[in-house]
Amino acid sequence: MMREDPSVIKQCCAAAYATPWVALLLGESWHPGGLDLTEHLGRALALTPRDVVADVAAGEGASARHLAARFGCEVWALDLGEAQVARGQSRDARQGGAPVRFQQGDAEALPWAAGSVDVVLCECALCTFPSPETAVQEWARVVKPGGRIGLTDVTRRGPLPAALDNLAGWVGCLAGARPVEAYADLLTTAGFQVLRREDRSADLSVLVARIGQALLTWLQFQGPGASLGGLDRAAVEGLWAAIQEAIGRHELGYALLTARRPA
Ligand SMILES: C[S@@+](CC[C@H](N)C(=O)[O-])C[C@H]1O[C@@H](n2cnc3c(N)ncnc32)[C@H](O)[C@@H]1O
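In this text the structure is predicted, and so the values were computed from the model without any measurement. Sequence order as written defines the numbering, with residues in each chain counted from 1. Local features in this predicted model are restricted to residues whose pLDDT is 70 or higher, and side-chain atom pairs enter the listing and the counts only when it is 80 or higher, whereas totals over whole chains, interfaces and linings include all residues.

J.: An account of the site of the ligand is requested, with residue identities and associated values reported.
T.: Around the ligand sit 24 residues in total, of which Trp30, His31, Ala57, Gly59 and Ala107 are the nearest. Elements supplying a minimum of two residues to the shell around the ligand: α1 (6-16) and α4 (62-71). We count a stretch as a helix when DSSP gives it H or I for four or more residues in a row; a strand needs E for two or more, and each element gets its number in order from the N terminus. At three residues, α1 tops the list of elements feeding residues into the shell around the ligand. Using the backbone to place each C-beta atom, any residue with that atom within 6 Å of a molecule or strand is considered near it.

J.: Outline helix α9 (residues 201-222), listing residues and values.
T.: A helix is expected to reach a length of 1.5 Å times the quantity of its residues less one. The terminal C-alpha atoms of α9, which comprises 22 residues, lie 32 Å apart, in line with the 32 Å expected from a rise of 1.5 Å per residue. The exposure scheme places C-beta atoms from the backbone and then counts, for each residue, the other C-beta atoms within 10 Å of its own, assigning buried at 20 or more, exposed at 12 or fewer, and partly exposed in between. Taken residue by residue, α9 has Asp203, Leu204, Leu207, Leu215 and Leu219 as its buried positions. Within α9, the buried residues cover an arc of 140 degrees as seen down the axis, which keeps them to one side. Turned more than 90 degrees from where α9 packs its buried face, Gln213, Thr217, Gln220 and Phe221 sit exposed. Buried residues along α9 sit in contact with α3 (34-44), α10 (233-248) and β7 (252-260). Trailing α9 by a residue or two, glycine 223 shows a phi angle of about 95 degrees, which is positive. The directions from the helix axis to the C-beta atoms form the arc being described. Residues are defined as contacting one another if the C-beta atoms placed from their backbone atoms lie within 7 Å.

J.: Can you explain the nonpolar core? Please cite residues and give values.
T.: Core analysis: the biggest nonpolar cluster contains 68 residues, and Val53, Ala54, Val56, Val75, Val120 and Leu187 have the highest contact counts within it. At six residues, β7 tops the list of elements feeding residues into this core. Other than its neighbours up to four places away in sequence, valine 75 contacts Val53, Asp55, Ala64, Leu67, Ala68 and Val100. A set of buried residues qualifies as a nonpolar core if it consists of Ala, Val, Leu, Ile, Met, Phe, Trp, Tyr and Cys joined through C-beta atoms within 7 Å.

J.: Lay out the sheet that holds β7 with the relevant residues and their values.
T.: Whether two strands pair depends on DSSP finding at least two bridges between them. Spatially, the seven strands line up as an open sheet ordered β3-β2-β1-β4-β5-β7-β6, and their pairing is mixed. Strands with a single pairing partner mark the edges of an open sheet, and in this sheet they are β3 (100-104) and β6 (193-199). Each strand of the sheet is rotated relative to its neighbour by a mean of 15 degrees, with strand direction disregarded. With three bridges connecting them, strand β1 (residues 52-56) and strand β4 (residues 117-123) associate as parallel partners. Its bridge partner being in β4, alanine 54 is matched across the sheet by valine 120. Together, β4, β5 (143-156), β6 and β7 form the strand contacts of α3, whose direction differs from that of β5 by roughly 145 degrees. Angles run from 0 to 180 degrees between N-to-C directions of axes, and those axes are lines fitted to C-alpha atoms, restricted for helices to the stretch in contact. Packed onto the sheet, helix α8 (residues 180-189) meets β5, β6 and β7 and runs at close to 25 degrees relative to β7.

J.: Kindly report on the environment of aspartate 55, identifying the contributing residues and their values.
T.: Tracing the chain through its elements places aspartate 55 in strand β1. The spatial distance from the C-alpha of aspartate 55 to the C-alpha of glutamate 123 is 8.1 Å, given a sequence separation of 68 residues. Beyond its immediate chain neighbours, meaning those up to four positions away, aspartate 55 contacts Ser63, Ala64, Val75, Trp76, Ala77, Leu78 and Leu121.

J.: Give me the lowdown on the pairing of β7, citing residues and values where you can.
T.: The buried fraction of β7 is high, at eight of nine residues. Direction of pairing for β5 relative to β7: antiparallel, over a ladder of nine bridges. Along β7, the bridge assignment pairs arginine 156 with leucine 252. Summarising the sheet, β6 and β7 pair through six bridges and their orientation is antiparallel. Along β7, the bridge assignment pairs arginine 196 with threonine 258.

J.: Describe helix α6 (residues 132-142), and please don't skip the residues or the numbers.
T.: Along α6, the residues classified as buried are Pro132, Ala135, Val136, Glu138, Trp139 and Val142. Considered in projection along α6, the buried side chains sweep an arc of 150 degrees and stay on one side of the axis.

J.: Report on unusual backbone geometry, specifying residues and quantitative values.
T.: Phi is mostly negative for residues that are not glycine, and the peptide bonds are mostly trans. Phi angles above zero are rare outside glycine, and alanine 46 is one such case at about 50 degrees. Its place among the elements puts alanine 46 in the loop between α3 and β1. Positive phi outside glycine occurs at histidine 250, with the angle close to 65 degrees. Relative to the elements of secondary structure, histidine 250 occurs in the loop between α10 and β7. On the basis of neighbour count, histidine 250 is assigned to the exposed category, with 12 C-beta atoms found within 10 Å.

See the structure below:
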């Protein structure tokens with residue numbers, strides 16, 4: 001796939017997630033498995049109130065707020081999108097509870113000192129960074145010796161199904177997706193010890209079905225001849241069937257990994 005200028009990819013991705021479509025289609029939590037998977041990840045990481053957790057590419061901070069409330073940890077939420085950070089801050093102020101520290105910044109140049117956090121969390125975002133290697137090296141820099149990493153992301157084997165080439169936004173999020181072993185390699189290359197790998201593809205399948213249903217309902221309300229990104233109802237149905245089939249063939253999936261920086 002043709003790669004754009006890295007700064008263009010980053011800004012496009014942050015801008016895409018700032019649109020109201022995202023909240024409409026995904027709800028509060030912007031990854032497969034939602035807050036249930038986030039809580040599962042928090043338990044896998046054995047979070048405690050003593051931990052400082054950095055949520056990298058945190059969106060509007062749904063996971064950050066959930067982890068702070070559920071485990072009592074201090075959470076720093078970073079996102080490149082100005083709108084995501086602003087909405088996250090105002091929601092945090094409205095909801096009360098354990099405060100989350102929001103900050104705008106780039107995952108490939110984290111704004112924190114070396115060894116300043118106990119845990120780095122990154123949900124459904126590493127595959128969108130132009131240089132995931134740089135991002136993971138940043139995790140190795142900011143996490144303390146003995147600190148932990150919690151990662152969930154889209155997995156992909158082989159080329160994208162042809163039908164997916166029609167939706168630039170989808171492709172943008174899948175372009176950097178890789179097999180689970182490649183995520184593990186990224187972590188070990190940066191000096192981490194991989195502790196856990198889980199296949200969460202069923203969560204991706206549920207989310208894809210939900211988004212497909214929402215898009216088809218929207219097209220139905222628009223009436224005959226309606227289209228979405230140039231695709232009519234039949235084309236959207238075909239595209240969504242192709243995605244589900246790719247998940248069924250294990251070409252697309254979702255995975256959870258945890259890792260530890262040796263003490
Ligand atoms: C799929 S959403 C995931 C959000 C959140 N982690 C969640 O699971 O709810 C991806 C997020 O990554 C952010 N993002 C993309 N590139 C980034 C970068 N280089 N640095 C920081 N955030 C970035 C986007 O703005 C978007 O909010």
